[in-house]
Amino acid sequence: MSLKRFAAATAIALIALHGAAGAETLRLSHNTGDTSTWHKGGEKFNELVQEKTGGETDVRVFPMAQLTGGDQMKQAEMVGRGALDFVMTSAINVTPLVPEMAVFSLPYLYGNYDEVDATVDGAPGEKMTEIMAGHGIVVLAWGENGFREVTNNVRPIKSPEDMKGLKMRVAGPMYIDVMEALGANPQQMQWTETFSALQQGVVDGQENPIGAVIVPLRVYEAQKYITTWHYSYDPIFIGVSQKLWDSWDEEKREQIRAAAEEAMAYQKEITREGTASGVDFLKEQGMEVFVPSDAEIDAFRQATKPAYDKWAERIGPDLVSVFETTIAEEKGGKDAASSN
């Protein structure tokens, strides 16, 4: 073994020993299973926290909302009052506590990743961080759940009419209104209950991102049809209890934030990679994939506009305008660049 490798191995061993002897162990709760990109991001966060704190702190990652009895909506509330240390969850799952977080997931708000990144990394993301702080949660970094696609076991979804009467599992209240606008029968359900509900026919379908959920959580084993309609985007974030954050000195805060930013950059990267390769993989697994044309996407956009308008009013027109303006500026910049 080289001297460099020996030194690295020794350092890891010392960190492990220190951790076993008296490291601060913190808890992170997230919604999905231990094969998801969420969980991989959580594990990366733990690795980086241990590394940056010299083994003084480690993070134990709990999948499937285990610490809240499977209630994925309750995690953020518990972090906000200091009963949990960290939460990794998606914006839509926080809406019962913070309705403004639904802004990210307004139907057909985004057209592509560049528009997403312009908001998450820009003024809109900063504004949402401020809003979350008002609920006792410090947003450390943003990751990705992704563009949500629709799957079902009844028929291919090629138009809004094809959604009529389908029993669809949804994750949050805004999606209930979206599905009702399409004529579907939405059923709000915890993710812990969803896979068996799909298998047993309790619901006909669901909607989730390909790279973060549908592929790693093997949704394709319980669903036959998928339509890549990109109807809603969902970011995730790592948040920490304000009470815990306030107990740390500035050096510790910098270490934790840096670990979260690196972990979520990794999580976003592997999620997008999984999404890019996911469609071909789903075809190989026997799913029938329908990719809508721009005109077909527009039909879905028009059908879901009542839900967009309703939730834009509930979220607050000024906040929605911050997002719409940033997206318009991103589009404008692209158009200008392409014309040069």
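Residues numbered from 1 in each chain as written. Predicted model: local features only at pLDDT ≥ 70, side-chain atom pairs only at ≥ 80, totals over all residues. Heavy atoms only, no water.

Per an unreviewed UniProt entry, the protein is named Tripartite ATP-independent transporter solute receptor, DctP family, and its organism is Fulvimarina manganoxydans. Quoted verbatim from the Sequence similarities (unreviewed entry) field of the UniProt record, the comment on the protein reads "Belongs to the bacterial solute-binding protein 7 family." (UniProt positions renumbered as here; feature names shortened; annotations may be inferred.)

Chemist: What is the right way to read the packing of helix H4 (residues 113–120) against helix H10 (residues 250–284) from this model?
Modeler: Where H4 contacts H10, the two axes come as close as 14 Å, and the packing angle between them is 165°. Taken together, H4 and H10 sit at an angle that is classed as roughly antiparallel. The hand of the H4/H10 crossing is right-handed. Contact residues: Tyr113, Val116 and Asp117 in H4; Lys268, Arg272 and Thr275 in H10. (Axes fitted to C-alpha atoms, helices over the stretch in contact; angles between N-to-C directions. Helix = DSSP H or I, 4+ residues; strand = E, 2+ residues; numbered from the N terminus. Parallel < 35°, antiparallel > 145°, perpendicular 65-115°, else oblique. Left-handed = near helix turned anticlockwise from the far one by under 90°. Contact = heavy atoms within 4.5 Å.)

Chemist: What should I look at first to understand the pattern of salt bridges in this one?
Modeler: One pass over the full model with this rule turns up 14 salt bridges. For the salt bridge of arginine 148 with aspartate 234, the shortest nitrogen-to-oxygen distance reads 2.9 Å. Taken together, the positions of arginine 148 in strand S4 (residues 137–152) and aspartate 234 in strand S8 (residues 225–241) put the pair 86 residues apart, joining distant regions of the chain. In terms of burial, arginine 148 and aspartate 234 fall into one category: buried. Arginine 253 serves as the salt-bridge partner of glutamate 250, at 3.9 Å between the closest nitrogen and oxygen. Here the residue glutamate 250 and the residue arginine 253 both occupy positions in helix H10, the gap between them amounting to three residues, near one helical turn. Taken together, the shared-partner salt bridges connect Asp117, Glu144, Lys268 and Arg272 into one network. (Salt bridge = Lys/Arg side-chain N within 4 Å of Asp/Glu carboxyl O. Buried < 20%, exposed > 50% of the residue type's maximum accessible area, 1.4 Å probe, protein only.)

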